[in-house]
Amino acid sequence: EDETWCPPERNFLKAFYTDAKGQEWTNTTGWIDEFSNHCDWHGVECNEEDKVIKLMLGNGGLSGRISDAISHLTSIETLDLHDNDLKGSIPSGLGKLVNLSSFIASYNAITGTIPDGFGDLSNLQLLHIHGNRLRGTVPHLASKGQHYSSFISDCGSPSVFDSP
């Protein structure tokens, strides 16, 4: 199959749309339209190679769950899903997204634990997961070479941490 006509990332986004009940979103401009480039879909930003680097769908009426397919968006840097009604757990594959610098999923109905791999994400600087029903411990953010990171959970105020 020719990736020019049907890029794999388009299919991963389509699976995300389906699992997050895309038909109920407040803005679905371009989504799953067979004649539009996935990089032109609402909330999607791509690099020059048409690889998704940002998925910004905060406060967009998302429900359902976060699809495991999101783990295949290997160039993604920012994943912002705050203020929705997403349920289920954080897919473990997110802990393998080495370019991820911001994961914002605050104020949803996410349950379970934070995937182990999050502790190894050296580019992760922003982790906002408050307002969910997560349990367990938060892995130490690697932040190799970073000067600070921001982490917000349900146990206190927003904080900025200096690198050791």
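Whatever comes next refers back to the structure up there.
Conventions and cut-offs
Residues numbered from 1 in each chain as written. Predicted model: local features only at pLDDT ≥ 70, side-chain atom pairs only at ≥ 80, totals over all residues. Heavy atoms only, no water. Helix = DSSP H or I, 4+ residues; strand = E, 2+ residues; numbered from the N terminus. Buried < 20%, exposed > 50% of the residue type's maximum accessible area, 1.4 Å probe, protein only. Contact = heavy atoms within 4.5 Å. Phe/Tyr/Trp six-rings, centres within 6.5 Å; stacked < 30°, edge-to-face > 60°. Disulfide = S-S within 2.5 Å. Core = buried A, V, L, I, M, F, W, Y, C linked by side-chain atoms within 4.5 Å. Patch = residues over 30% accessible without salt bridge, like charges linked within 9 Å, V, L, I, M, F, W, Y side chains within 5 Å. Areas by Shrake-Rupley, 256 points an atom, 1.4 Å probe, with all protein chains shown as cover. Salt bridge = Lys/Arg side-chain N within 4 Å of Asp/Glu carboxyl O. Lys, Arg positive; Asp, Glu negative; His and termini not counted. Charge placed at Lys NZ, Arg CZ, Asp CG, Glu CD.

This part is about the environment of Ile-76. Relative to the elements of secondary structure, Ile-76 occurs in the loop between strand 2 (52-56) and strand 3 (78-80). Given a relative accessible area of 0%, Ile-76 falls into the buried group. Between the C-alpha atom of Ile-76 and that of Cys-46, which follows or precedes it by 30 residues, the distance is 8.7 Å.

Relative to the helices and strands, Leu-62 is located in the loop between strand 2 and strand 3. Distance from Leu-62 to Gln-23, taken between C-alpha atoms, is 9.1 Å for residues 39 residues apart in sequence. When near neighbours in sequence (up to four residues on either side) are disregarded, Leu-62 contacts Phe-16, Ala-20, Trp-25, Leu-57, Leu-81, Asn-84, Asp-85 and Leu-86.

With that out of the way, let us pick up the packing of aromatic side chains. Under the criterion given, the structure shown has six aromatic pairs. When the centroid spacing of 4.9 Å and the interplanar angle of 80° are considered together, the rings of Trp-25 and Trp-31 count as edge-to-face. By relative accessible area, which is 6% here, Trp-25 ends up buried.

To continue, consider the state of the cysteines. Taken as a whole and judged by the stated rule, the model has one disulfide. Here Cys-39 pairs with Cys-46 through a disulfide, and the sulfurs are 2.1 Å apart. Since a negative S-S torsion denotes a left-handed disulfide, the Cys-39-Cys-46 link at about -95° is left-handed. Grouping residues by exposure puts Cys-39 and Cys-46 together as buried.

Turning our eyes to something else, we now look at unusual backbone geometry. Notably, Lys-21 is not glycine yet its phi reads approximately 50°, a positive angle. On the secondary structure map, Lys-21 appears in the loop between helix 1 (8-19) and strand 1 (44-46). The phi dihedral of Asn-59 is positive, around 50°, even though this residue is not glycine. Structurally, the position occupied by Asn-59 is in the loop between strand 2 and strand 3.

Below, the discussion takes up the nonpolar core. Formed by 34 residues in total, the largest nonpolar core has its most connected members in Phe-16, Trp-31, Leu-55, Leu-79, Phe-103 and Phe-118. Sorting the residues of this core by element identifies helix 1, strand 1 and strand 2 as the ones contributing at least two each. Residue contributions to this core peak at three residues, all from helix 1. The contact partners of Phe-16, leaving out residues within four places of it in the chain, are Trp-25, Trp-31, Leu-55, Leu-57, Leu-62, Ile-66, Ser-67, Ile-70 and Leu-81.

A few words on a negative patch on the surface. A surface patch of like charges, here negative, comprises Asp-40, Glu-48, Glu-49 and Asp-50. In this fold, Asp-50 is placed in the loop between strand 1 and strand 2. On the accessibility criterion, Asp-50 (33% relative accessible area) is partly exposed.

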